[in-house]
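Spelled out, the chains give:
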Amino acid sequence: CASYARGYFKSYRDIALEPDLDVVLHLGDYIYEYGGSSVRAIAPPWETINLTDYRLRYAHYRSDPDLQEAHRQHPWIVVWDDHESANDAYAGGAQNHNAGEGDWEARKAIAAQVYSEWMPIRDDLNPLKIWRSFSFGDLMDLVMLDTRIWARSPQGTWDDPSEFLDPTRTLLGEDQQAWLAERLKTSKATWAFIGQQVMVGQLQVDNFAFNPDQWDGYAPSRDALFDAIEAGGAESTVVLTGDIHSSWGIDLARTPQDPATYDSATGAGALAVEFVAPGVTSGVDIDNDLLEFVDWESFAPHVRYRDIEQRGYIVLDVTRED
């Protein structure tokens, strides 16, 4: 997550200096739609809404020499998250979109059009369809998802936690879910990687989702994801995630708080692992000291690593060994 207005792109500079990267994987929030500045002035200075606004915002981002060099040195594989259109977007709207800003479907289409104009992504017949897959020989299959605007149902609310368990609500949609299951089932690579936007690992108590925007808020969709992973043909599966401006390493298990089904000491019972990458400039407004009061062993024994303070990126060295 890279807010131009909130900081400098040192992480992109360091990525450009990495000598042997095969690919840079960007998981969304390449731009932010907000107006206003805190560290650096941004163009346009108002929120991006129309075609000219979005084009100018991408052009201004690309004026940054560190971002330019990261693109010059390495190939990129990309997907959007929400801020490429509007904050907390879903298929039919967004938290940061209101009636005074025009029709959401028109704004979403404009955002997708400008994304394809500026980003290294092949155009589909439907510019809103960015879910696709890549193969790196028999070493790794990479599946890139859109959990944001292809089919996502509106986020639930804390007022009615039963929404989080509603099977009629979805993150992927039936078509993307079926495609994902087929891609994982037919994979014969050593590794299957899934690149997507929001945290899969549970941060919840008694099915109460602390962040309804994550997979916690769409429990049946996560169950279907776990089914697809469990039936997958690759030897091991890794989920790569962005969105929350912090770093996490998580065992993905169906019921991680139940010691009968998941062993935090050995990882037995985990179906996959998840790495959540930090933001480039975006941070979280949580005091890390407060997390020290959390009983992680009972609340989230599957969380093996967390860092909510540092910006940066993750480097993965993928080999045939576990």
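Our structure is the block above this text.
Residues numbered from 1 in each chain as written. Predicted model: local features only at pLDDT ≥ 70, side-chain atom pairs only at ≥ 80, totals over all residues. Heavy atoms only, no water.

Trainee: Could you clarify how one ought to interpret helix α2 (residues 51–61) in this entry?
Mentor: Owing to its 3.6 residues per turn, the α-helix aligns residues three or four sequence positions apart on the same side. All of the buried residues along α2 are Asp-53, Tyr-54, Arg-57, Tyr-58 and Tyr-61. Buried residues of α2, viewed axially, fall in a sector of 125°; they line one side. Tucked into the core, α2 has its buried residues touching α3 (65–73) and α4 (104–118). You can read the cap of α2 off the contacts: a side-chain oxygen lies 3.1 Å from the backbone nitrogen of Thr-52, and it is on Asn-50. (Buried < 20%, exposed > 50% of the residue type's maximum accessible area, 1.4 Å probe, protein only. Helix = DSSP H or I, 4+ residues; strand = E, 2+ residues; numbered from the N terminus. Arc of directions from axis to C-beta. Contact = heavy atoms within 4.5 Å. Polar contact = N/O pair within 3.5 Å; in protein donor to acceptor, adjacent residues only side chain to side chain.)

Trainee: Explain the environment of Ala-228 to me, please; I cannot follow it from the model alone.
Mentor: Here Ala-228 is to be found in helix α6 (residues 219–230). Its relative accessible area of 5% is what places Ala-228 among the buried residues. Look past the residues within four positions of Ala-228 in its chain and what remains in contact with it is Gln-177, Ala-181 and Leu-184.

Trainee: Would you mind showing me how to read the pattern of salt bridges here?
Mentor: Summed over the entire model, instances satisfying the criterion amount to 17 salt bridges. A salt bridge links Arg-148 to Asp-213, with the nearest nitrogen and oxygen atoms 3.0 Å apart. In this pair, Arg-148 is assigned in the loop between β6 (140–144) and α5 (174–186) and Asp-213 in the loop between β9 (208–209) and α6, connecting sequence segments 65 residues apart. The buried category is assigned to Arg-148, whose relative accessible area is 0%. (Salt bridge = Lys/Arg side-chain N within 4 Å of Asp/Glu carboxyl O.)

Trainee: Just checking my understanding: could you explain the environment of Asp-307 for this structure?
Mentor: Within the element layout of this structure, Asp-307 appears in strand β13 (residues 303–307). Separated by 29 residues in the primary sequence, Asp-307 and Pro-278 place their C-alpha atoms 8.4 Å from one another. Sequence-distant contacts of Asp-307, that is, excluding residues within four places in its chain, are made with Ser-246 and Ser-247. From its side chain, Asp-307 meets the backbone nitrogen of Glu-309 in a polar contact 2.9 Å long.

Trainee: Explanation requested: the sheet that holds β6 in the structure shown.
Mentor: Spatially, 7 strands are ordered β5-β6-β7-β10-β12-β11-β13 in an open sheet, and the strand pairing comes out mixed. What marks the edges here is a single partner per strand, and that holds for β5 (132–136) and β13. For this sheet, the mean angle separating the axes of adjacent strands, direction not counted, is 15°. Pairing geometry for strand β11 (residues 247–252) and β13, over 4 bridges, is antiparallel. (Pairing = 2+ DSSP bridges. Axes fitted to C-alpha atoms, helices over the stretch in contact; angles between N-to-C directions.)

Trainee: Explain the pairing of β11 to me, please; I cannot follow it from the model alone.
Mentor: Note on strand geometry: in a regular strand, side chains alternate between the two faces of the sheet. Counting buried positions over the 6 residues of β11 gives 6, a clear majority of the element. With 5 bridges connecting them, β11 and strand β12 (residues 272–276) associate as antiparallel partners. When the sheet's bridge partners are listed, Gly-249 is paired in β12 with Phe-275.

Trainee: Could you clarify how one ought to interpret the packing of aromatic side chains in this entry?
Mentor: How two aromatic rings sit relative to each other is given by the distance of their centres and the angle of their planes. The full count for this structure, using the stated rule, is 15 aromatic pairs. Ring centres 5.9 Å apart and planes at 40° place the aromatic pair Phe-9 and Tyr-61 in the tilted group. Of this pair, Phe-9 sits in the segment before α1 (10–17) while Tyr-61 sits in helix α2; the two residues are 52 residues apart in sequence, bridging distant segments of the chain. Both residues of the pair, Phe-9 and Tyr-61, count as buried. Note on Trp-191 and Phe-193: the rings are 6.2 Å apart at their centroids and 45° apart in plane angle, and the pair reads as tilted. As far as burial versus exposure is concerned, Trp-191 and Phe-193 are alike and both buried. In textbook terms, an aromatic cluster arises when at least three aromatic residues are bridged by ring pairs, as seen for Tyr-4, Phe-9, Tyr-12, Tyr-30, Tyr-58, Tyr-61 and Trp-76. Residue placement shows Lys-129 over the ring face of Trp-131; its charged tip is 4.3 Å from the ring centre. The side chain of Arg-169 reaches across the aromatic face of Tyr-218, ending 4.4 Å from its centre. (Phe/Tyr/Trp six-rings, centres within 6.5 Å; stacked < 30°, edge-to-face > 60°. Lys NZ or Arg CZ within 6 Å of the ring centre and 35° of its normal.)

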